[in-house]
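Examining the three-dimensional arrangement
Take a look at the letters that make up each chain.
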Amino acid sequence: MVHHEPDEATADETSISTQPPSYNPSQAPTVYKVGYPQKKNLATEFTNALRETFFHDNPLKQYKDQPGSTKLKIGLQFLFPVFDWGRTYNLNKFKGDLIAGLTIASLCIPQDIGYSKLAYLDPQYGLYSSFIPPLIYAAMGSSRDIAIGPVAVVSLLLGSLLQNEVDHENNKEEYLRLAFTATFFAGITQAALGFLRLGFLIDFLSHAAIVGFMGGAAITIALQQLKYMLGIRNFTKETDIVSVMESVWGSVHHGWNWQTVVIGFTFLAFLLFAKYIGKRNKKYFWVPAIAPITSVILATLFVYLFRADKQGVQIVNKIKKGVNPSSVHKIYFTGPFVVKGFKIGVVCGMIGLTEAVAIGRTFATMKDYQIDGNKEMVALGTMNIVGSMTSCYIATGSFSRSAVNFMAGCRTPVSNVIMSMVVLLTLLVITPLFKYTPNAILGSIIISAVIGLVDYEAVILIWKVDKMDFIACMGAFFGVVFKSVEIGLLIAVSISFAKILVQVTRPRTALLGNLPGTTIYRNTEQYPHARHVPGVVIVRVDSAIYFSNSNYVRERILRWLTDEEDKVNADGLPKINFLVVEMSPVIDIDTSGIHALEDLYKNLQKRGIQLLLSNPGSAVIEKLHSSKLTEHIGNNHIFLTVADAVRFCTSKSMQEP
């Protein structure tokens, strides 16, 4: 037996290049047999499986054959990338980081004050969360472009989940403590996923579901800002669109404040125009970046000069001055709130992680460098753990700020440090100046920031590419908009899992035919001119065969066979004597799959049809051999290519009288 296992495509290409157009498959000279892999012991198999699952990137390779001091140095650089890029840091890079840091600081300060309101927290907590976490990330993160701080979606989700447990108005202290507890467990979750190399778990939330969830959350966030934009004091605590619109229109005659409406919508138009300028011409990226802080300054000055607060315009009032106080003693480590904080923290931590890793990978691709997903998780988790102990709530990567950071020319995470220092200066000196800042301007800043989360172009593309993905996208979107953020998230996760289950339990199969003049066999639906081989049915299984789909695969193959037999009988063609199962895409098989093939073999025997297998992979042929199924089918009925199997069938048919 020749242990040579080229892939079928290579073999077919060789056949095309060396054979004349009138080539007949039955004339091929050499037939290679399917090779059996070398037998591995249980320990080796388990070690290989463990390595491929958790250490596919071989992170320990760089430590091999290195002295102890070098290993320590590499280890420190792994945990703290600042020791790596810091060695080559220079004044030129600092100039880029300084400009980027100052630019994103002007954007983050008004956003932080607004986002803290989404989480039902006092304004200073948003600023706290843009001071400590960015410093931690700058030392431990591997992305050069992510800007760290509170984000709209996580703030809304956190506020919604916390409000379900504790009322933020009647039990303000308990609410704050639960927020810190949730932040602590969000950090623990993120760091644990990174240390245990379980980052692949966040991939279970599909891109389509994320697009729908983010879009729905953006609509919900924008609707929530109507209470600030219209000056409504008695506003619903529900987040669904029906309740919000009832609250808005129910107060139209007595609850709206016309001065607030003018301030809010005037500056919203200004902010949207600034975004339009920045999008139209990339060199004016700084216009939408400084527009929010400019709006805050102008609106605050307007309210102060005309004392609009005396005419019903709601203002921020006092923002607590000073740096982050310790909050270790406020985290619940015992009692009933521990479990509640853990649940909220896990959900918010996973969403924050998904957003940050996606942002990091996007900008890393644009700048042609690599980020380590597991390292990112450890960095994000550590900064949230430390943040929970320093009066911060959940921080993650912000797409809007990261985009500005990128366009402003950031070179390293030092831009986060610059931003953090500006926030510190704000906390120490500038916070009293925000006293007369109208809530309406914060609402307009948030609306302008979240509009970009409604990615209608991605939705159109999803509809064109995959209708099941579109259902997941719309399910998540409408769940958030018409019910709540948590229901939308649940729908997004459920539909993502449902799609996986459908694909696993109902894998694709295809009927193959021969492309004239070649030894290539392809899907007859994709290639209508592919010819059926007389007396032979060729079926390809496009998935691993497991307990979840083994019965379906067997029944689907038999249905293909029955359909072809009906066509043959109707057209008066030769009887079908052979069934070839093309197994190139079958990457694995379990005992249920083997039993299904055995049942298929027995069924075909009763019908006088011979089963042949084509190109089973190493894992599959090893299991078939161990189960003795190769002996039942016959080693001479297992072939390397479909062409070899068809050649065998043709020669057998010619031998029959």
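Residues numbered from 1 in each chain as written. Predicted model: local features only at pLDDT ≥ 70, side-chain atom pairs only at ≥ 80, totals over all residues. Heavy atoms only, no water.

**Notes on the overall build of the protein chain**
We apply this condition: Starting at the N terminus, helices and strands are each numbered in turn, a helix being any DSSP run of H or I of at least four residues and a strand any DSSP run of E of at least two. We call two residues contacting when some pair of their heavy atoms lies within 4.5 Å. Method for areas: the Shrake-Rupley scheme with a 1.4 Å probe, in which residue coverage is limited to the protein chains shown. Counting rule for charge: Lys and Arg are taken as positive, Asp and Glu as negative, and neither His nor the chain ends is counted. A charge is said to be at NZ when it belongs to Lys, at CZ for Arg, at CG for Asp and at CD for Glu.
Counting secondary structure elements, the protein chain contains 27 helices and 8 strands. Taken along the three principal axes of its C-alpha coordinates, the protein chain extends 105 × 70 × 55 Å. Sequence-distant contacts, at least 24 apart, represent 82% of the contacts inside the protein chain between residues at least 6 apart. Of the roughly 30,800 Å² that the protein chain leaves accessible, carbon and sulfur atoms contribute 62%. Seen as two clouds, the 59 positive and the 50 negative side-chain charges of the protein chain have centres 9 Å apart.

**Concerning the nonpolar core**
For the record, the criterion: Within this scheme, the nonpolar core is defined by two criteria: the residues are buried Ala, Val, Leu, Ile, Met, Phe, Trp, Tyr or Cys, and they are joined through side-chain atoms within 4.5 Å. The buried label applies to any residue whose accessible area, calculated with a 1.4 Å probe on protein chains only, is under 20% of its type's maximum; exposed applies above 50%, and partly exposed to all values in between.
In terms of nonpolar packing, the biggest core is built from 89 residues, with Leu121, Leu158, Phe213, Ile221, Ile344, Cys348 and Ile351 touching the most fellow members. Ranked by residue count, the leading element in this core is helix H9 (residues 172-195), at 10 residues. Sequence-distant contacts of Leu121, defined by excluding residues within four places in its chain, comprise Ser116, Tyr175, Leu176, Ala179 and Tyr393.

**Points about a nonpolar patch on the surface**
Quick note on the threshold: Two distance rules govern patches: like charges are joined within 9 Å, and nonpolar side chains (Val, Leu, Ile, Met, Phe, Trp, Tyr) within 5 Å, applied only to residues with over 30% relative accessible area and no salt bridge. Basic side-chain nitrogens of Lys or Arg form a salt bridge, by our definition, when they fall within 4 Å of a carboxyl oxygen of Asp or Glu.
A cluster of nonpolar side chains, contributed by Leu72, Leu76, Leu79, Phe80, Phe83, Phe195 and Leu196, occupies part of the molecular surface with about 690 Å² of accessible area. Within the element layout of this structure, Phe83 appears in helix H4 (residues 82-85).

**Some details on the pattern of salt bridges**
In total, this model carries 19 salt bridges according to the counting rule given. Residues joined in a network through salt bridges with shared partners are Asp167, Glu169 and Lys237.

**Remarks on unusual backbone geometry**
Despite not being glycine, Asn317 shows a phi value in the positive range, around 65°. Relative to the elements of secondary structure, Asn317 occurs in the loop between helix H14 (286-306) and helix H15 (336-367). Classification of Asn317 as partly exposed rests on a relative accessible area of 41%. Notably, Asn615 is not glycine yet its phi reads approximately 50°, a positive angle. With respect to the helices, strands and loops of the structure, Asn615 is situated in the loop between strand S7 (610-614) and helix H25 (618-626). Since its relative accessible area comes to 10%, Asn615 is described here as buried.

**What about the layout of surface pockets?**
Operational definition: Cavities and pockets are defined on a 1 Å grid built over the protein atoms alone: a cavity is a set of grid points where a 1.4 Å probe fits but cannot escape, while a pocket is an open set with protein on both sides within 12 Å along at least five of seven lines, and lining residues are those with an atom within 4 Å of any such point. Grid points are joined across faces, edges and corners, and a volume is the space filled by probe spheres set on the points. Three categories are distinguished: nonpolar for Ala, Val, Leu, Ile, Met, Phe, Trp, Tyr, Cys and Pro, charged for Asp, Glu, Lys and Arg, and polar for the others, with Gly belonging to the last.
Of the voids in this model, the second largest pocket is the one considered here, and its volume is about 890 Å³. Surrounding the second largest pocket, 32 residues form its lining, Lys117, Tyr120, Leu121, Asp122 and His168 being those nearest its centre. Sorting the residues of the lining of the second largest pocket by element identifies helix H5 (91-118), helix H6 (123-128), H9 and helix H11 (226-229) as the ones contributing at least two each. Its residues placed into classes, the lining of the second largest pocket shows 13 nonpolar, 9 polar and 10 charged.

**Focus on the pairing of strand S3 (residues 509-514)**
For clarity, the threshold we go by: Any two strands are treated as partners once DSSP identifies two or more bridges connecting them.
Within S3, 6 of the 6 residues are buried, leaving the element largely enclosed by the surrounding structure. Of the pairings in the sheet, the one linking S3 to strand S5 (residues 536-541) comprises 3 bridges and is antiparallel in character. Bridge pairing in S5 places Ala510 opposite Arg540. Across 3 bridges, the pairing between S3 and strand S4 (residues 521-523) is antiparallel. Along S4, the bridge assignment pairs Gly513 with Arg522.

**Examining helix H8 (residues 152-165)**
The line we're drawing: An expected span of 1.5 Å times one less than the residue number is assigned to each helix.
Between its first and last C-alpha, H8 extends 20 Å over 14 residues, near the 20 Å set by a 1.5 Å rise per residue. The buried fraction of H8 is high, at 12 of 14 residues. All of the buried residues along H8 are Ala152, Val153, Val154, Ser155, Leu156, Leu157, Leu158, Gly159, Ser160, Leu161, Leu162 and Gln163.

**Considerations on empty space enclosed by the protein**
Counting across every chain of the model gives 2 cavities of 30 Å³ or more. Counted as a void, the largest cavity has a volume near 40 Å³. Surrounding the largest cavity, Leu205, Ile210, Phe213, Met214, Ile351 and Thr354 form its lining. Residue assignment for the lining of the largest cavity shows that the elements contributing at least two residues are helix H10 (207-224) and H15.

Note that all results are geometric; they support no functional claim without further evidence.
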